[in-house]
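Given next are the chains, with one letter for each unit.
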Amino acid sequence: MVGAVLTQNTAWTNVELALERLRDNCALDAEAILAIPAERLAEALRPVGYFNVKARRLSAFCEHYIAAGGFEGLSALETDVLRHSLLGVNGVGPETADDMLLYAFERPVFVVDAYTRRIFSRLGLLDGGEGYEEIRAAFEMALAPDVPLYNEYHALVVRHGKDVCKTRPGCAECVLRACCPAA
Ligand code: SF4
């Protein structure tokens, strides 16, 4: 969940560096993170960029997490209620909330990210004007509500977006080129 808050607008490798720095401060749980002085927390988060903003967001999330009863308290909530609760935290948008729902709480919620938009737009399945919720609903209607499936699907989308369907797409080596209008 800490990683989900920190990964906005940065690469996961930077998040790993920040997590390592938090670990060096013995701060990977909510109480310990809130116990770090604000300046030291921001300094620990420097690798992820926007570190002052992210420090405030991480603190806000930790306060919410503790007030809600921690993992046990949040886990007791129905998925829609839990999603609404997470979205109520400053700095937690739909993608961050859905990351937490799928990967931390193991709820069947499809995560939509920039790779999803890029690949499915190029495949002609999105026109680029759809909002986050519209895309999420389309995937969830097309797929069974299956946590391992959503987990694997999202991981494959990320892998394809990073390795093949990049900003400059590698269509010549793409397994989807036969059915892709952008190839
Ligand atoms: S064929 Fe090209 S544009 Fe289409 S999905 Fe593959 S890499 Fe992306």
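Above this text is the structure in question.
Since the structure is predicted, the reported quantities are computational estimates derived from the model, not experimental observations.

Chemist: Before we move on, can you summarise the overall build of the chain with the specific residues and values?
Modeler: When helices and strands are tallied, the chain shows 11 helices and zero strands. Going from N to C terminus, the chain has its helices and strands arranged as α-α-α-α-α-α-α-α-α-α-α. For 183 residues, the compact-globule estimate of 2.2 N^0.38 gives 16 Å, and the C-alpha radius of gyration of the chain, at 18 Å, lies within 12% of that figure. Each of the three principal axes of the chain carries a C-alpha extent, and together these read 55 × 35 × 25 Å. If you take every contact in the chain between residues at least 6 apart in sequence, the share linking residues at least 24 apart comes to 57%. As displayed, the chain has an accessible area near 10100 Å², and 55% of this comes from carbon and sulfur atoms.

Chemist: I'd like a rundown of the nonpolar core, residues and numbers included.
Modeler: Judged by nonpolar contacts, the single largest core of 33 residues is most densely connected at Leu 6, Leu 22, Leu 41, Leu 45, Leu 58, Phe 61 and Leu 86. At five residues, helix 5 (residues 51–67) tops the list of elements feeding residues into this core. Val 112, Tyr 132, Leu 143 and Val 157 belong to the second-largest nonpolar core, a separate cluster that totals 17 residues.

Chemist: Can you break down the pattern of salt bridges residue by residue, with the values?
Modeler: Counted by the stated rule, this structure contains nine salt bridges. The shortest N-O distance in the salt bridge between Glu 20 and Arg 23 comes to 2.9 Å. You can see Glu 20 and its partner Arg 23 sitting in helix 2 (residues 12–24), three residues apart, about one turn around the helix. Take Glu 20: its relative accessible area is 39%, and that puts it in the partly exposed class. By relative accessible area, Arg 23 is classed as partly exposed at 44%. A salt bridge links Glu 133 to Arg 136; its shortest N-O distance comes to 3.0 Å. Linking Glu 133 with Arg 136, this pair stays in helix 10 (residues 132–142), spanning three residues, or about one helical turn. Judged by its relative accessible area of 35%, Glu 133 falls in the partly exposed class. Taking relative accessible area as the criterion, Arg 136 reaches 15% and is therefore assigned buried.

The rules behind each value
- Residues numbered from 1 in each chain as written.
- Predicted model: local features only at pLDDT ≥ 70, side-chain atom pairs only at ≥ 80, totals over all residues.
- Heavy atoms only, no water.
- Helix = DSSP H or I, 4+ residues; strand = E, 2+ residues; numbered from the N terminus.
- Rg over C-alpha atoms; globule rule 2.2 N^0.38 Å.
- Contact = heavy atoms within 4.5 Å.
- Areas by Shrake-Rupley, 256 points an atom, 1.4 Å probe, with all protein chains shown as cover.
- Core = buried A, V, L, I, M, F, W, Y, C linked by side-chain atoms within 4.5 Å.
- Buried < 20%, exposed > 50% of the residue type's maximum accessible area, 1.4 Å probe, protein only.
- Salt bridge = Lys/Arg side-chain N within 4 Å of Asp/Glu carboxyl O.

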